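Here's the letter readout for the chains.
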Amino acid sequence: MSDIHAPIEYTSTGLRSTKLAMWLFLASECLLFGGLITAYVLYRGQSTTGPYPQDVFDIGYTSVSSFVLLASSLTMVLSHNAALARDYARMRLWLLATAMLGMCFVGGQVFEFTSFFREGLTLHTNLFGSTFFVLTGFHGVHVTVGILMLLILIAFSFRGSLSDDPAFPVEMVGLYWHFVDIVWIVIFTVVYLIPAPPPHGAV
Amino acid sequence: MPSKLLWVVGAILLTLLLVGCGKDLPQNTFNPAGPTAQSEKDVLIVPLIIAGIVFVGVEGGILFLALKFRHRKGKERMPSQLHGNTRLELGWTVAPAVLLAVVMVPAISLIWKLAQRPPDAMQVTVQGYQWWWGFQYTDADMAVDYGDHGPITTADVMVIPAGRTIDLSLRSEGGGAHSTDGTPDHQVIHSFWAPRLFGKQDVVPGAAGEGNHIVFSAWEPGIYWGQCAEFCGLEHAMMKFRIVALNPTDWANWVQARKQPSSTPAPGSDAEKGMQIFFGTGQEGQGMGQCIACHSIGGTSAVSTAAPNLSDFGNPSHPCFAGCDFDTFVPGPDGQLQPNYAALQAWLEDPNAVKLGAKMPDYNLSQQQIQYLMAYLYSLS
Amino acid sequence: MATITLTPQKGILRRPMATTGFWSWFTTVDHKKIGIMYGLSSFLFFVLGGCEALLIRSQLAKPSNTLLNADQYNQIFTMHGVTMIFLFVMPMSAAFFNYLIPLMIGARDVAFPRLNALSFWVFLLGALFLNSSWFLGGAPDGGWFAYAPNSTTDPGNGLTFYALGLLITGIASTVGAINLAVTVINMRAPGMSLFRMPPFVWMGLVVQFLLAFSLPIITVALFQLLFDRRWDTAFFDPTRGGEPLLWQHMFWLFGHPEVYILILPAFGIFSEILPVFARKPLFGYQFVVFSGIAIGFIGFGVWAHHMFAAGLGPVANTAFGISTAIIAVPTGVKIFNWMGTLYGGDLHLDSPMLFALGGIAMFVIGGLSGVTHSIVPSDYQQTDTYYIVAHFHYVLFGGAIFAIFGAAYYWWPKVFGRMLPEKWGKVQFWILLIGFNLTFAPMHILGLGGMIRREYTYPAALGLTVWNQVSSVGAFTIALSVLLFIIMVIRTQLKPAGLENEDPWDARTLEWTTSCPPPVYNFEEIPTVHSLDEFWHRKYAEDESGRLVRVPAGGSGEDHHSDGHPIHLPSPSFWPLVVSFGFPMLGYGVLYYAWWLVAAGALVIVVGLTGWALEPSVAE
């Protein structure tokens with residue numbers, strides 16, 4: 001975000017460098033989540049002891065929290081639109097709504113994790129526990145970082161530090177936020193929706 | 001001048017190669033002693049020759065160009081500003097590709113040939129521990145005649161009949177042994193390699209490793225060296241083994257002997273006292289050893305697989321111990337093999353001093369106990 | 001003369017002002033200063049890694065040696081590899097990219113100057129973090145490849161340091177890669193189209209993409225290793241269904257592109273030095289560029305050739321044998337084009353050229369032994385032996401380190417305004433070449449003669465003592481050459497700066513249009529580029545008969561109309577340094593289960609980045 005305040009300068013491609021960097025960063029992030037998801041898929045059904053996914057998952061609950069996260073993408077878009085229209089009050093409102101929805105999601109994840117813990121699934125119980133917690137935990141950390149950025153953005157907007165072109169930082173944080181949402185769609189599908197094969201060794 | 005230099009370089013390389021092919025190196029991959037290693041060497045010869053030609057061509061070319069077109073003092077000259085030549089580019093893209101395709105064909109067919117497992121091969125399971133090798137002869141006619149009629153088992157040395165095709169199944173094991181500071185014997189990746197007989201294959205724990213095999217045979221009787229080739233922790237360097245190939249008579253005798261329970265030492269002998277220490281059945285303060293907790297000896301109550309099987313320890317066909325860290329037999333003044341008491345004594349005094357991190361703890365044995373134990377161990381054959 | 005404006009600021013978020021003096025180095029965002037710091041620190045790690053190499057060769061100088069025990073040796077060979085790869089060649093490449101890319105593409109700085117400083121400080125602190133393990137219970141001892149499950153079960157903290165240290169330096173590399181990629185894509189001077197970029201910039205661009213797409217894979221693997229070690233997860237634990245080969249796949253899916261991350265900068269350097277000293281353009285520029293891109297792509301498809309003996313089955317071994325053979329083709333294209341560049345040239349065999357020619361010659365040997373690895377069945381014999389050690393040292397030392405020395409001699413006058421002594425440079429080259437071959441050529445024989453890698457000692461009965469001794473003598477010869485280089489550098493730097501000729505090599509690329517060393521703003525006037533080898537074409541033109549003649553100074557070259565308008569430069573900032581301290585805090589916190597330290601580290605990063613974002617830019 002280093003040139004956020006800088007006036008738009010000549011660039012070879014005509015794209016702002018920050019935007020280009022953000023896209024490159026997200027492309028790199030794709031491989032990060034790709035690696036984590038691959039590990040999860042490879043180890044599907046390879047756990048030697050329970051609890052197995054079907055023992056702990058509450059698809060209804062996670063669907064709701066997934067919906068909450070997806071809704072936050074909508075509010076993010078609304079916030080960017082407001083910023084483009086230079087309606088900063090609405091922009092802040094929608095940014096706040098996005099952050100709140102994100103917090104709901106993370107809170108839901110924390111609740112889900114604790115309930116899994118209570119059912120005996122920890123990081124070291126089995127392969128399912130290891131791959132599940134590390135994958136969804138990584139995603140949760142990404143959402144948390146996104147929430148932090150949103151809150152800082154709101155704070156900055158009051159301070160007037162976004163004065164040149166507020167729509168641009170909002171767009172950048174938005175890119176990140178949408179990326180994290182899309183990754184969640186993939187994780188939700190792969191981890192929760194695609195039925196797990198029977199436990200290792202079972203017929 | 002360049003051609004002279006080339007000759008010098010060529011002569012040096014030739015000398016290097018000749019020395020490299022020395023016949024006396026126990027792990028020389030260019031001195032195969034069986035068909036597997038032979039095929040792995042043969043498939044390399046053509047690529048090596050081509051690589052040699054390319055080497056001379058390119059290195060000679062660079063040298064030639066550097067000398068021919070070097071700037072000469074006082075002769076100012078502006079070279080023509082040549083940007084490239086598409087036809088040349090295509091040439092030196094396609095030509096190497098074709099050459100590579102040609103050398104790959106025999107290599108690929110050999111990959112598939114080496115992966116085949118002949119059904120009539122003798123089956124041996126190789127077990128990798130930190131840091132020694134165990135061998136189990138799993139064929140039905142290789143079961144012992146006592147106890148649970150399990151497979152003949154050896155450690156550090158694999159004895160085979162010369163000429164017979166052998167199919168090795170590779171397994172990584174973590175035994176129950178642990179070093180003095182409590183570090184256990186972990187299941188890790190090893191790699192089984194006897195350069196004169198076969199190229200290496202990794203010994204991988206878990207499901208993926210179960211398909212790993214080596215098929216080989218030795219043409220002649222002899223002792224062949226091998227060692228773990230994949231870094232497997234502290235004493236990776238001291239995870240060696242020997243393959244002892246025997247002629248048919250010796251092989252039959254060896255198998256026969258190994259099927260019998262170990263001999264019991266004569267009453268009252270040092271060896272008997274050593275046996276009591278080994279089994280922890282001796283008098284208080286004299287024979288309270290814990291060897292039995294990890295080691296096994298054929299036909300006795302010592303059956304743990306956590307540490308090397310000692311049934312064959314006193315047999316000269318079993319020449320080394322502790323990942324071949326030390327030789328158990330050395331030539332005496334008369335040239336005859338005799339027990340290497342000094343090495344075994346040092347080991348029993350403190351395994352860690354001999355082999356740092358060894359999974360055999362230091363039991364603070366007294367010199368007397370060590371003498372008795374050595375007598376017992378060398379009586380096993 | 002243009003003036004630089006640095007607007008003074010008020011308040012707590014005031015930006016530091018000093019651009020000279022000792023403390024200015026801590027707050028600088030100038031790509032040139034950052035490049036010098038990268039270069040200096042990675043050279044110090046080169047010396048450290050070299051000392052480790054000398055210890056290795058001392059231990060192996062005689063059979064059954066007891067100079068080092070197994071534990072010490074395992075730490076030293078692991079750290080030798082880790083240091084040379086992650087703390088020397090990678091950051092040394094970053095040093096040259098940082099310093100040269102903006103100058104070569106006609107930019108005043110990189111796209112994100114403060115991120116650039118962040119990359120450097122995170123790298124340096126990560127490297128120090130990794131090396132602090134020597135004093136905190138022992139360095140990593142599982143090999144640079146850290147194969148699981150040995151790496152997950154190995155006692156002590158060494159491999160936890162490894163996982164955390166490489167995660168930290170990985171952050172530095174990722175940030176740097178994105179920054180430099182954007183710089184090349186977006187900051188080129190008018191007229192500097194992609195195919196007018198110097199080949200070094202091209203190779204730099206490919207390397208940044210390789211970094212951006214391979215580092216996340218090792219990041220995942222390192223996290224899994226860390227979690228297995230710290231929180232007892234089951235990723236690589238075979239007793240709980242984990243798959244040790246998963247680590248190998250992920251490690252080499254990063255590790256092979258990494259090899260090209262190390263060697264492509266060298267290819268770029270060769271492609272810069274050769275035309276200058278042959279006084280003719282790079283032969284087949286497009287082919288050199290495209291083969292570099294091809295290597296980048298194919299580099300992601302050959303990883304399992306490190307695992308031929310792992311038991312992947314004949315299908316995988318066949319496929320990866322073929323892809324390994326294929327990658328030799330674009331590499332060969334480069335070598336032939338370099339030879340084409342020499343052909344018909346007027347070769348000035350100065351030190352940079354000697355190192356370039358020597359480097360290419362040595363790389364060819366490594367390339368050829370590399371092709372023999374694609375003969376899969378014979379690789380069953382070669383892999384994990386000294387034959388492999390010989391191979392990759394010919395590639396990485398012969399290729400990358402010769403190139404780095406060549407680049408040092410070539411760009412030293414540019415960076416420091418002083419020439420390294422030409423005569424001694426040649427002496428150093430010959431000592432290095434002899435020492436290098438003494439060290440690594442015998443390793444081919446050692447490997448084929450059955451000596452495995454990573455063994456702390458070998459018995460005399462192996463019959464390879466003599467060649468080990470030759471190799472050890474060679475290692476000390478290399479050390480002598482490096483020592484000579486260090487003495488030369490110190491003596492040169494003690495002399496006052498100043499060059500008679502600011503274009504000492506009659507060079508071809510834009511960085512030489514600036515003064516030596518370049519002003520902080522690089523270019524008074526952003527240049528307009530008309531061709532490949534822009535600077536050459538400004539100096540030389542064809543006369544009526546088609547002969548190339550020197551254009552008189554002030555002729556058809558770029559006219560400089562300096563109107564004295566101010567040049568805005570990013571002000572120095574201390575936030576990158578502040579933020580970078582958060583990462584080792586996180587590292588030590590995780591190592592010692594000190595959650596307060598983890599929280600403090602995270603706080604430092606968040607507060608630092610917030611301060612960073614709030615910091616007034618000079619443009620206001």
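A.B. asks: What should I look at first to understand the overall build of chain C in this one?
C.D. replies: Along chain C, the regular secondary structure elements total 18 helices and four strands. Expected size for 620 residues packed as a compact globule is a radius of gyration near 25 Å; at 25 Å, chain C falls within 12% of this value. Considered along the principal axes of its C-alpha atoms, chain C spans approximately 75 × 65 × 45 Å. Here chain C holds 620 residues, and the buried ones make up 64% of them. Excluding contacts between residues fewer than 6 apart, the proportion of contacts in chain C whose partners are at least 24 apart in sequence is 82%.

A.B. asks: Just checking my understanding: could you explain the overall build of chain B for this structure?
C.D. replies: A tally of helices and strands in chain B yields eight helices and 14 strands. For a compact globule of 381 residues, the expected C-alpha radius of gyration is about 21 Å, and chain B comes in at 28 Å, more than 25% above that figure. Seen through its C-alpha atoms, chain B measures out along the principal axes to roughly 100 × 50 × 45 Å. With 381 residues in all, chain B has 43% of them scored as buried. Long-range contacts, defined as pairs at least 24 residues apart, comprise 62% of the intrachain contacts of chain B with a sequence gap of at least 6.

A.B. asks: What is the right way to look at the pairing of strand β6 (residues 190–194) of chain B in this model?
C.D. replies: A regular strand places its side chains on the two faces of the sheet in alternate fashion. All names here are of chain B. Burial analysis of β6 places five of its five residues in the buried class, the great majority of the element. Taking every second residue as pointing to the same face, both faces of β6 are buried, with His-190, Phe-192 and Ala-194 on one and Ser-191 and Trp-193 on the other. Relative to strand β7 (residues 198–203), β6 runs antiparallel, the two being bridged by four bridges. Bridge pairing links Phe-192 to Gln-201 in β7. Linking two consecutive strands that pair antiparallel, namely β6 and β7, is a turn of three residues.

A.B. asks: Help me understand the interface of chain B and chain C in this model?
C.D. replies: Interfaces are often described in size by the accessible area the parts lose on coming together. Between chain B and chain C, the residue contacts involve 83 residues of the former and 80 residues of the latter. Of the residues forming the side of chain B that touches chain C, the biggest block, 16 residues, is contributed by helix α3 (residues 86–115) of chain B. A per-class count over the side of chain B that touches chain C returns 46 nonpolar, 27 polar and ten charged.

A.B. asks: Looking at this structure, I do not really get the packing of helix α4 (residues 113–132) of chain C against helix α17 (residues 575–591) of chain C. What am I missing?
C.D. replies: Two quantities define a packed helix pair, namely the angle between the helix axes and the distance between the axes. Residue and element names in this part refer to chain C. With their axes 8 Å apart at the nearest point, α4 and α17 run at an angle of 30° to one another. Regarding the angle of α4 to α17, the classification is roughly parallel. The two elements α4 and α17 meet at a crossing, and its hand is right-handed. Where α4 abuts α17, its residues Arg-114, Ala-117, Leu-118, Trp-121, Val-122, Leu-125, Gly-126 and Phe-129 lie against Trp-575, Pro-576, Leu-577, Val-579, Ser-580, Phe-581, Phe-583, Pro-584 and Gly-587.

A.B. asks: Can you help me understand the confidence of the model for chain C in this one?
C.D. replies: One rule of thumb: low pLDDT means the predicted coordinates there are not for detailed reading. Per-residue confidence for chain C gives a mean pLDDT of 92, with 94% of residues at or over 70. The ipTM for the predicted assembly is 0.93, set against a pTM of 0.94.

A.B. asks: Mind showing me how you'd approach the interface of chain C and chain A here?
C.D. replies: Taken together, the contact pairs 39 residues of chain C with 38 residues of chain A. Taken together, the elements giving at least two residues each to the side of chain C that touches chain A come down to α4, α6 (158–186), α7 (199–231), α8 (244–278) and α18 (595–614) of chain C. Among the elements that make up the side of chain C that touches chain A, the one with the highest residue count is α7 of chain C (ten residues). Class assignment of the residues belonging to the side of chain C that touches chain A gives a composition of 24 nonpolar, nine polar and six charged.

A.B. asks: Could you clarify how one ought to interpret helix α9 (residues 285–298) of chain C in this entry?
C.D. replies: A turn of α-helix holds 3.6 residues, and therefore any two residues three or four places apart point the same way. End to end, α9 of chain C covers 20 Å across 14 residues, agreeing with the expected 20 Å (1.5 Å per residue, within 8%). For α9 of chain C, the set of buried residues is Tyr-285, Phe-287, Val-288, Val-289, Ser-291, Gly-292, Ile-295 and Gly-296 of chain C. Where α9 of chain C is buried, its residues contact α3 of chain B together with α7, α8 and α10 (314–342) of chain C.

A.B. asks: Help me understand the sheet that holds β7 of chain B, please; the structure alone is not making it clear to me.
C.D. replies: Adjacent strands of a sheet pair through backbone hydrogen bonds, lying either parallel or antiparallel. Residues and elements named next belong to chain B. Strand order in the open sheet formed by five strands is β4-β10-β9-β6-β7, with mixed pairing between adjacent strands. Since the sheet does not close on itself, it has two edges, and those belong to β4 (157–161) and β7, each with one partner. Ignoring which end each strand starts from, the neighbouring axes of this sheet average 20° apart. One ladder, built from two bridges, connects β6 with strand β9 (residues 222–228); its direction is antiparallel. Directly across from Phe-192, in β9, lies its bridge partner Cys-228.

A.B. asks: Explain the nonpolar core here, please?
C.D. replies: A general feature of soluble globular proteins is that nonpolar side chains tend to end up buried together. Counting 346 residues, the largest nonpolar core has Ile-105, Ala-181, Met-250 and Phe-270 of chain C as the members making the most contacts within it. Top contributing element to this core by residue count: helix α3 (residues 70–105) of chain C, with 24 residues. Those residues within four positions of Ala-181 of chain C in sequence are excluded, and the remaining contacts are Leu-24 of chain A together with Leu-205, Gln-208, Phe-209 and Ala-212 of chain C.

A.B. asks: Please explain unusual backbone geometry as it appears in this structure.
C.D. replies: With glycine set apart, most residues show a phi of negative sign, and most peptide bonds adopt trans. Residues Gln-130 of chain B and Trp-131 of chain B are joined by a peptide bond in cis, for which omega reads -5°. Relative to the helices and strands, Trp-131 of chain B resides in the loop between β1 (122–129) and β2 (132–137). Cis geometry is adopted by the peptide bond preceding Pro-149 of chain C, which originates at Ala-148 of chain C and carries an omega value of 0°. The residue Pro-149 of chain C is located in the loop between α4 and α5 (150–153) in this model.

A.B. asks: I tried to follow the sheet that holds strand β3 (residues 152–155) of chain B on my own but got confused; where do I start?
C.D. replies: Residues and elements named next belong to chain B. Taken in spatial order, the five strands line up as β3-β2-β1-β5-β8 in an open sheet, and their pairing is mixed. A strand with exactly one partner marks an edge of an open sheet, and here the two such strands are β3 and β8 (213–216). Here the strands of the sheet are splayed against their neighbours by 25° on average, with no regard to which way each runs. In the sheet, β2 pairs with β3 via four bridges, with the strands oriented antiparallel.

A.B. asks: I'm lost on the confidence of the model for chain B in this one. Help?
C.D. replies: For chain B, the mean per-residue pLDDT works out to 90, and 93% of the residues sit at or above 70. When mean pLDDT is taken per element in chain B, β6 of chain B scores highest with 97 and helix α1 (residues 2–20) of chain B scores lowest with 61.

A.B. asks: Even after reading the chapter, I still don't get the packing of helix α2 (residues 35–68) of chain B against helix α11 (residues 351–373) of chain C, so can you show me in this structure?
C.D. replies: With their axes 10 Å apart at the nearest point, α2 of chain B and α11 of chain C run at an angle of 170° to one another. Looking at the two axes, α2 of chain B sits roughly antiparallel to α11 of chain C. In contact with Leu-44, Pro-47, Leu-48, Ala-51, Val-54, Phe-55, Val-58, Glu-59, Ile-62 and Ala-66 of chain B of α2 of chain B, α11 of chain C contributes Leu-357, Ile-360, Ala-361, Val-364, Ile-365, Leu-368, Val-371 and Thr-372 of chain C. When its residues are assigned to classes, the contact of α2 of chain B with α11 of chain C shows 16 nonpolar, one polar and one charged.

A.B. asks: Just to check I follow, could you spell out the environment of Leu-480 of chain C for this structure?
C.D. replies: Structurally, Leu-480 of chain C can be placed in helix α15 (residues 465–494). Spatially, the C-alpha atoms of Leu-480 of chain C and Asp-506 of chain C are 31 Å apart, while their sequence positions differ by 26 residues.

A.B. asks: How should the arrangement of the chains be read in this particular structure?
C.D. replies: Contacts are most numerous between chains B and C, taken over all two pairs of chains that touch. Kept free of each other, chain A and chain B leave a smallest C-alpha distance of 10 Å between them.

A.B. asks: Just to check I follow, could you spell out the environment of Pro-308 of chain B for this structure?
C.D. replies: Residue and element names in this part refer to chain B. Tracing the backbone shows Pro-308 in the loop between α5 (270–279) and β11 (320–321). Since 26 C-beta atoms lie within 10 Å of it, Pro-308 is described here as buried. With 14 residues separating them in the primary sequence, Pro-308 and Ala-322 have C-alpha atoms 7.9 Å apart. Contacts of Pro-308, omitting those with residues within four sequence positions, involve Trp-132, Gly-134, Ala-155, Asp-156 and His-295.

A.B. asks: Help me understand the pairing of strand β10 (residues 240–246) of chain B in this model?
C.D. replies: All names here are of chain B. Counting buried residues in β10 gives six out of seven residues, a clear majority hidden from the surface. Here β4 pairs with β10 via five bridges, running parallel. By the bridge assignment for β10, Val-157 is matched with Arg-242.

Reading the values: rules and limits
Residues numbered from 1 in each chain as written. Chains lettered and ligands numbered in written order. Predicted model: local features only at pLDDT ≥ 70, side-chain atom pairs only at ≥ 80, totals over all residues. Helix = DSSP H or I, 4+ residues; strand = E, 2+ residues; numbered from the N terminus. Rg over C-alpha atoms; globule rule 2.2 N^0.38 Å. Buried ≥ 20, exposed ≤ 12 C-beta atoms within 10 Å, placed from the backbone. Contact = placed C-beta atoms within 7 Å. Pairing = 2+ DSSP bridges. Nonpolar A, V, L, I, M, F, W, Y, C, P; charged D, E, K, R; others polar. Axes fitted to C-alpha atoms, helices over the stretch in contact; angles between N-to-C directions. Parallel < 35°, antiparallel > 145°, perpendicular 65-115°, else oblique. Left-handed = near helix turned anticlockwise from the far one by under 90°. pLDDT = per-residue confidence, 0-100. Expected span 1.5 Å × (residues − 1). Core = buried A, V, L, I, M, F, W, Y, C linked by C-beta atoms within 7 Å.

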